[in-house]
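# Descriptive structure summary
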Amino acid sequence: MTQLSYAAAGVSIDNGDELVDRIKPAAKRTMIPGVLGSIGGFGALFEISKDYKNPVLVSGTDGVGTKLMLAFQLNRHDTVGQDLVAMSVNDILVQGAKSLFFLDYFGCGKLDVDTAERVVKGIAHGCELAGCALIGGETAEMPGMYPDGEYDLAGFAVGIVEKDEIIDGKSIKPGDVVIGLASSGVHSNGFSLVRKVFEMTKESLDTYYDELGTTLGEALIAPTKIYVKALKSIKDEGVKIHACSHITGGGFYENVPRMLKEGTRAVIEKDSYPVLPIFKLLAKTGDIEEKMMYNTYNMGLGM
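If you're wondering where the values come from, they're calculated on a predicted model, not measured in any experiment.

Applying the stated criterion to the full structure yields 15 salt bridges. A salt bridge links R22 to E18, with the shortest nitrogen-to-oxygen separation between them at 2.6 Å. Here R22 pairs with E18, and both are found in helix α1 (residues 13–28), just four residues apart, close to one helical turn. For R22, a relative accessible area of 26% puts it in the partly exposed group. For E18, a relative accessible area of 32% gives the class partly exposed. For D78, the salt bridge goes to R76, with nearest N and O atoms at 2.9 Å. D78 gets classed as partly exposed once you look at its relative accessible area, which sits at 41%. By sharing partners, the salt bridges in this structure join E18, R22, D114, E117 and K121 into a single network.

Moving on, we get to the packing of aromatic side chains. Following the criterion strictly, the structure yields five aromatic pairs and no others. For the ring pair F72 and Y151, a centre distance of 5.0 Å and an interplane angle of 80 degrees mean the geometry is edge-to-face. With F72 in helix α2 (residues 67–74) and Y151 in strand β6 (residues 151–162), the pair connects residues that are 79 residues apart, well separated along the chain. Neither residue differs from the other here; F72 and Y151 are each classed as buried. Through pairs of rings, three or more aromatic residues link up here, namely F72, F106 and Y151. A cation over a ring is seen here: K291 above Y253, with NZ or CZ 5.3 Å from the ring centre.

The subject of this paragraph is the side chain of S99. If you trace the backbone, S99 turns up in strand β4 (residues 98–108). A relative accessible area of 2% means that S99 is categorised as buried. Once you skip the residues sitting within four places of it in the chain, S99 turns out to touch V89, I92, A130, G131, C132, V158 and G159.

Okay, the environment of S88 next. Within the fold, S88 resides in helix α3 (residues 80–93). The class of S88 is buried, set by a relative accessible area of 0%. Between the alpha carbons of S88 and A157 there is a distance of 5.8 Å; along the sequence they are 69 residues apart. The contact partners of S88, leaving out residues within four places of it in the chain, are G60, T61, D62, F102, G155, F156 and A157.

Turning our eyes to something else, we now look at the packing of α1 against helix α4 (residues 113–130). The interhelical angle for the contact between α1 and α4, taken along N-to-C directions, is 30 degrees, at an axis separation of 9 Å. In terms of axis orientation, α1 runs roughly parallel to α4. Crossing angle aside, the handedness with which α1 passes α4 is right-handed. Between α1 and α4, the contacting residues are N15, E18, L19, R22, I23, A26 and A27 on the first element and V113, D114, A116, E117, V120, K121 and A124 on the second. Residues belonging to the contact of α1 with α4 are distributed by class as follows: eight nonpolar, one polar and five charged.

Another aspect to go through is the nonpolar core. Among the nonpolar cores identified, the biggest contains 76 residues, and F102, Y151, L153, V194, L220, F279 and M299 are the most heavily contacted of them. The leading source of residues in this core is α4, at eight residues. Filtering out sequence-adjacent residues up to four positions away, L153 remains in contact with G63, V64, L68, V80, L84, Y105, F106 and V119. Core analysis: the next-biggest nonpolar cluster, separate from the first, contains ten residues, V35, F46, L103 and I160 among them.

Calculation criteria
Numbering of residues starts from 1 in every chain and runs along the sequence as written. Local features in this predicted model are restricted to residues whose pLDDT is 70 or higher, and side-chain atom pairs enter the listing and the counts only when it is 80 or higher, whereas totals over whole chains, interfaces and linings include all residues. As a rule here, side-chain values come from all non-hydrogen atoms in the structure, and water together with hydrogens is ignored. In the sections that follow, a salt bridge refers to a side-chain nitrogen of Lys or Arg positioned within 4 Å of a carboxyl oxygen of Asp or Glu. What counts as a helix is a DSSP run of H or I of at least four residues, what counts as a strand is a run of E of at least two, and both are numbered from the N terminus. Here's how the labels work: a residue is buried when its accessible area is under 20% of the maximum for its type, exposed when over 50%, partly exposed in between, all with a 1.4 Å probe on protein chains only. Centres within 6.5 Å make a pair out of two Phe, Tyr or Trp rings, where for Trp the six-membered ring is used; the pair is then stacked when the planes are under 30 degrees apart, edge-to-face when over 60, and tilted otherwise. We call a charge positioned over a ring when the NZ of a Lys or the CZ of an Arg lies within 6 Å of the ring centre and within 35 degrees of the ring normal. Working rule for contacts: check all heavy atoms of both residues, and any pair within 4.5 Å makes them a contact. Helix axes are fitted only over the stretch in contact, all axes being lines through C-alpha atoms; the angle between N-to-C directions runs from 0 to 180 degrees. By definition in this entry, angles of less than 35 degrees are roughly parallel, angles greater than 145 are roughly antiparallel, angles of 65 to 115 are roughly perpendicular, and the rest are oblique. We call a crossing left-handed when the near helix sits turned anticlockwise from the far one by less than a right angle, and right-handed when that turn is clockwise. Throughout this entry, Asp, Glu, Lys and Arg are counted as charged residues, while Ala, Val, Leu, Ile, Met, Phe, Trp, Tyr, Cys and Pro are counted as nonpolar. The remaining residues, Gly among them, count as polar. Joining through side-chain atoms within 4.5 Å is the link that ties buried Ala, Val, Leu, Ile, Met, Phe, Trp, Tyr and Cys residues into a set, and such a set is a nonpolar core.

Here it is in structure tokens:
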């Protein structure tokens, strides 16, 4: 009888150890004051600064959705990590929270160390943009759970805000100005519809469009913008933010009302900012009605 082993079952502990060794330098670059210990422990430790008087922890979790299928098709794994971080840190940012740390989950059928390394380095880059620490994570190799060459991502961020500085929309008043912050493209929402409109083939994704100034694949894979530094700049200039919304799945119609207090509404002039070419191409190619576009995508404004 053949002697069984974990490796024979399809799980390589050595590959997992090699991945940890490879990503340690990238994770180390994200370390900020408050991090205790180093990556690789059973639990991640973070000490809250005593500068906070009434600290409130704010947390958010998300994934990248079916945008991962685009990454598989393009064999581009260096940007989806930033997408993963952005989805969570932008969500807690709208409540005024400064991101402290981030943890990720990488699940696959068979661990490809090179691919996983590119993904996690992208996560570390996203954490650097957000000013938070990549403090830990989990790599799960599960033979038979995922097709070869595919993986899934999830992550969560924890941030902090002074209790009296929480952005909750309560101070909204008539005459407040709505400021839109530009997106980098489709970000990480609505890709199930994108895949219905465009063929996810090499020929289709490699097609160059003059209006995009790049190939379709490059326009779609553009990483989600992280708005931490932009909102910090606004705050540092003394601008009081009364409410904020991250424009993700559900577009304008679902996300803008989430920041409003009862009895108020936001008026957004469609012609007051440029809609990105990728959205015009999506609407035209897929014959998607305008309301559906604004109810699915950020249309060029990510926050």
